[in-house]
Amino acid sequence: MAFRSPIGSEVERNNMPVNIWPGSWVDANAWTGNNPPKYMLGPGNPAFHTGADLNLPGDKDRLAQIYSIGDGVVRFAQLVSKTSWGNLVVINHGTVNGKPLFSRYGHVEDIVVQKGQAVKVGDPIAKVGNQFGVFPYHLHFDISVTNQLDKAPTYWPGLDLQGTKHHFVNPRNWLRENFNSAAEKLPDGAFASGGVSGGADEGRKPGDVKPLPVWYVIDPNGAQVYKNPSLTAEKSTILPRGTKVTVDVQNGRKDAELIWGPIVGGEYNGQWVAIRRNDGKASYLSTNPPQ
Ligand SMILES: [Zn+2]
């Protein structure tokens, strides 16, 4: 659990420098909430800036990989329009420091996440774009500490300085201060938190972009977790009734009696639970919480 820069190599992101933006990355238009010179979004289109415009010299940032700054759930991931935002990704990181936290990545290309998908810090989400040639290649990146981007993922305060200051923070300072912060509460559908963290690709395969459903233990006796998909395998723990768990059903197993699924994320990542009996006569997990 941590927050990291959205750009840079893995080493750079995990050893975040004091100036936050790694290597040769520069912020062409710093956040303007405290000291608000307007910048020109385009000719005749001045605005206050909600975040950072991250660039490498020249077009070296073209299609550079962009990573989720923290654990969370994708709130928005689609084309807005070719003249406004281009492709946009917004991630809900739950509650951090007592406030909502959303990160936003604008003008991107090659989005590899979908709305509702759980992501971990450092997961690739998209690549640096240029909004179909409207701008030089750069990542517009901002951090919001209200629910505004949940209500309106494309929200742009423009010349509304109060809106800029109310909804957004200086992303460089925020990342610097929250390098080792954890969310008090992750959004619904996030990977189970706590336990051993295996890093960005914990329990995931490259290119695995399908959202994984969240399941609930509905068996009154709880769900026994096994090291392997077999009743004779080593047991590890019992998840009590009502426990929320992400299970990769697509990579499940079926034996003579049971359908098994591997747990994704959290302390029991990679271990197995029985989802239901083969004959359908009993279910132990459900995508609906127990009543
Ligand atoms: Zn920008």
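Residues numbered from 1 in each chain as written. Predicted model: local features only at pLDDT ≥ 70, side-chain atom pairs only at ≥ 80, totals over all residues. Heavy atoms only, no water.

S.K.: What is the right way to look at the pattern of salt bridges in this model?
M.R.: Two side chains carrying opposite charge are able to pair once their charged atoms lie near each other. Evaluated as defined, the whole model comprises six salt bridges. For D150, the salt bridge identified is with R75, shortest N-O distance 2.7 Å. One end of the pair, D150, is in helix α2 (residues 148–151); the other, R75, is in strand β6 (residues 72–81), with 75 residues separating them in the sequence. D150 gets classed as partly exposed once you look at its relative accessible area, which sits at 32%. (Salt bridge = Lys/Arg side-chain N within 4 Å of Asp/Glu carboxyl O. Helix = DSSP H or I, 4+ residues; strand = E, 2+ residues; numbered from the N terminus. Buried < 20%, exposed > 50% of the residue type's maximum accessible area, 1.4 Å probe, protein only.)

S.K.: Before we go on, may I ask you to explain the coordination of the zinc ion in this structure?
M.R.: Geometrically, a metal with four donors at the corners of a regular tetrahedron has ideal angles of 109.5 degrees, and one with six donors at the corners of a regular octahedron has ideal angles of 90 or 180 degrees. H49 (NE2), D53 (OD) and H140 (ND1) make up the full set of protein donors to the zinc ion, lying at 2.0 to 2.2 Å. Linear spacing of the donor residues for the zinc ion on their chain is H-x3-D-x86-H. Of this pair, D53 sits in strand β4 (residues 52–55) while H140 sits in strand β11 (residues 139–144), and the two are 87 residues apart along the sequence. Judged on exposure class, the residue D53 and its partner H140 are both buried. (Donors = N, O, S within 2.8 Å, 3.2 Å for Na, K, Ca; no water.)

S.K.: Explain the sheet that holds strand β20 (residues 285–286) to me, please; I cannot follow it from the model alone.
M.R.: Either a parallel or an antiparallel arrangement is found when strands of a sheet pair, and the pairing is made through backbone hydrogen bonds. Taken in spatial order, the three strands of this open sheet run β16-β13-β20, and their pairing is antiparallel. A single partner strand is all that each edge strand has here, and the edge strands are β16 (244–246) and β20. (Pairing = 2+ DSSP bridges.)

S.K.: Looking at this model, I keep getting lost on the environment of L101. Mind explaining?
M.R.: Checked against the element boundaries, L101 lands in strand β8 (residues 99–108). Other than its neighbours up to four places away in sequence, L101 contacts F3, I91, N92, H93, G94, V96, I143, S144, V145 and W174. (Contact = heavy atoms within 4.5 Å.)

S.K.: What should I look at first to understand the nonpolar core in this one?
M.R.: For soluble globular proteins, nonpolar side chains are generally found buried alongside one another. One finds Y105, L139, F141, W174 and L175 to be the most contacted residues of the largest nonpolar core, which totals 38 residues. Elements supplying a minimum of two residues to this core: β4, β6, β7 (86–96), β8, β10 (124–127), β11 and α4 (171–177). With residues up to four places along the chain from it excluded, the contact list for W174 reads F3, V96, N97, L101, I143, V145 and V169. (Core = buried A, V, L, I, M, F, W, Y, C linked by side-chain atoms within 4.5 Å.)

S.K.: Please clarify how the packing of aromatic side chains should be interpreted in this entry.
M.R.: Each pair of aromatic rings is reported with the distance of its centres and the angle of its planes. According to the stated counting rule, one finds six aromatic pairs in the structure shown. Ring plane angle 90 degrees and centroid distance 6.2 Å describe the contact between W21 and F141, whose orientation is recorded as edge-to-face. In this pair, W21 sits in the loop between α1 (10–14) and β1 (26–27) while F141 sits in strand β11, placing the two residues 120 residues apart along the sequence. Overall, the relative accessible area of 5% leaves W21 in the buried class. Note on Y105 and F141: the rings are 5.6 Å apart at their centroids and 40 degrees apart in plane angle, and the pair reads as tilted. Taken together, the positions of Y105 in strand β8 and F141 in strand β11 put the pair 36 residues apart, joining distant regions of the chain. This pair shows no difference in class: Y105 is buried, exactly as F141 is. Within the aromatic cluster, the residues linked to one another by ring pairs are W21, Y105 and F141. The lysine or arginine in question, R4, covers the ring of F179, its NZ or CZ lying 3.7 Å from the ring centre. Above the ring of Y67, the side-chain terminus of R13 is found at 3.4 Å from the ring centroid. (Phe/Tyr/Trp six-rings, centres within 6.5 Å; stacked < 30°, edge-to-face > 60°. Lys NZ or Arg CZ within 6 Å of the ring centre and 35° of its normal.)

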